[in-house]
Amino acid sequence: MQGRDLLGMCALRSRSLSVDAASILKTKEDLRSKYPVGSVDLELDSKSEIAVIRLCHPARRNALSGKMMAELNDRITELKNWKGRGLVLCGGISPSPASFCSGGDLKTMSGIMSEGPSAGMAMCALMQDSMVKLRALPLVSVAVIHGTAIGGGAELTTWCDYRVFTTEGSVSFVQIKMGLTTGWGGGSGLMEILGRRKTLKLLLAGPKISLRCDDAESWGYSDATVSVSPGDDPAEKGKEFLLNSVLNSELDSGVGRAVKKMVASVAVEPCISNSLDKEREVFGEVWGGPVQQAAFAQFLKR
Ligand SMILES: CCC(=O)SCCNC(=O)CCNC(=O)[C@H](O)C(C)(C)COP(=O)(O)OP(=O)(O)OC[C@H]1O[C@@H](n2cnc3c(N)ncnc32)[C@H](O)[C@@H]1OP(=O)(O)O
């Protein structure tokens, strides 16, 4: 039903994501040099044939700095030709409390806001480019949500094919409280996963709704709940989920990649590109507004 809704939307609009590669490259160079903290790390496990992308910025609950936004795009691009089967997206291992990602690094976001509207739109376009590239990979992807996924961090969880929550995991789309709409593709991702009514409810509730593992399952947002003991690597839980519940290890991985490639290019994908264009446009209408300015200033002066 949700897919059919999207196909209907697609028939009405036929534009595609219109951001050129040179602009993306320039944005990455800019963000890398101006906000150079944290890292996004990639591990290629040839035994399981599953790659892991880790968002590592423990001092700020894995918030994405400018450098990390650029590196996330780099790491996803590096995976395009990797001959594996799966991908796990998770927060970097950090001391308690666990965190998936606390969204955009508010120091980076404030800096971008002070540069004027075009810098905000360029950041948004870069993150959407990463989402489109991740979805198009011939790897089946899962986000392992261990700790909080907030704001843009919550948006990242919509990018993957599946979501696994640990018993400490939660997702909260706080954007409205920060004076923003989704700008990293989360609106389009949510529409595909939850449909219109639940997407509206979640985005309008903002921090009032924090989906923990049980709620996430009943909302249809989570595909599994797992428990993680101290010292465990949550990424391993993502690999187990993919190997036990999705990937068929008895079959040829090349054919498996072809299946994912096919699913990633048919039906809703053309619509996602169109809806990302719209999402970026609406994001630009609120970016830098008074609610955002006040919310960012309040957080940063704590
Ligand atoms: C794309 C649009 C967006 O993503 S807008 C950003 C949306 N994100 C947010 O509003 C999350 C803001 N952060 C929080 O609500 C809390 O810090 C959360 C994540 C719930 C963690 O709370 P708690 O466990 O009490 O830790 P804390 O607040 O003391 O934070 C620890 C240190 O991390 C920092 N931190 C956290 N989140 C960010 C962030 N998004 N950007 C920059 N820094 C962040 C805190 O400032 C704190 O740093 P410090 O130890 O005081 O130096």
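Reading guide: rules and limits
Residues numbered from 1 in each chain as written. Predicted model: local features only at pLDDT ≥ 70, side-chain atom pairs only at ≥ 80, totals over all residues. Heavy atoms only, no water. Pairing = 2+ DSSP bridges. Helix = DSSP H or I, 4+ residues; strand = E, 2+ residues; numbered from the N terminus. Buried < 20%, exposed > 50% of the residue type's maximum accessible area, 1.4 Å probe, protein only. Polar contact = N/O pair within 3.5 Å; in protein donor to acceptor, adjacent residues only side chain to side chain. Contact = heavy atoms within 4.5 Å. Near = heavy atom within 4 Å. Areas by Shrake-Rupley, 256 points an atom, 1.4 Å probe, with all protein chains shown as cover. Nonpolar A, V, L, I, M, F, W, Y, C, P; charged D, E, K, R; others polar. Domains from an automatic or database assignment. Buried area = accessible area lost by both parts, 1.4 Å probe. Salt bridge = Lys/Arg side-chain N within 4 Å of Asp/Glu carboxyl O.

Caption draft 1: Region of the structure containing the pairing of strand 1 (residues 39–45). Sheet topology places strand 1 next to strand 2 (residues 50–56); seven bridges connect them, and they run antiparallel. From the neighbouring strand, Leu-44 faces strand 2, where its bridge partner is Ala-51. Remark: four residues form the turn of the hairpin made by strand 1 and strand 2, two consecutive strands paired antiparallel; Glu-49 in that turn has positive phi of roughly 60 degrees.

Caption draft 2: Local environment of the sheet that holds strand 6 (residues 148–150). Overall, mixed pairing links the four strands, which are arranged 4-6-8-9 in an open sheet. Edge positions in the sheet fall to strand 4 (99–101) and strand 9 (211–212), since each has one partner strand and no second.

Caption draft 3: Representation of the side chain of Ser-222 in the model. Tracing the sequence through the fold places Ser-222 in the loop between helix 9 (213–219) and strand 10 (224–226). On the basis of relative accessibility, which here comes to 10%, the residue Ser-222 falls in the buried class. A distance of 3.1 Å separates a polar side-chain atom of Ser-222 from the backbone oxygen of Ala-224. Discounting residues that sit within four places of it in the chain, Ser-222 has contacts with Arg-163, Phe-165, Ala-216 and Glu-217.

Caption draft 4: Highlighting the site of the ligand. In the vicinity of the ligand there are 19 residues, among which Arg-61, Ser-102, Gly-104, Leu-106 and Gly-152 approach most closely. Here Ala-59 contributes a backbone N or O atom positioned 3.2 Å from an oxygen atom of the ligand. Gly-104 is positioned such that a nitrogen or oxygen atom in its backbone is 2.8 Å from an oxygen atom of the ligand. In isolation the ligand exposes 940 Å². Once the protein is present, 67% of that is buried. Classifying every residue of the shell around the ligand gives 10 nonpolar, five polar and four charged.

Caption draft 5: Region of interest: the domain arrangement of the chain. Domains assigned within the chain are domain 1 (21–246) and domain 2 (253–300). The distance between the C-alpha centroids of domain 1 and domain 2 comes to 12 Å. On the side of domain 2, 25 residues touch domain 1, which itself brings 43 residues to the contact. Summing the contributions of domain 1 and of domain 2, the shared interface buries around 2,900 Å²; its carbon and sulfur component is 67%. If you look at where domain 1 meets domain 2, you find one salt bridge. Our enumeration of links across domain 1 and domain 2 arrives at 14 residue pairs in polar contact (both at pLDDT 80 or more).

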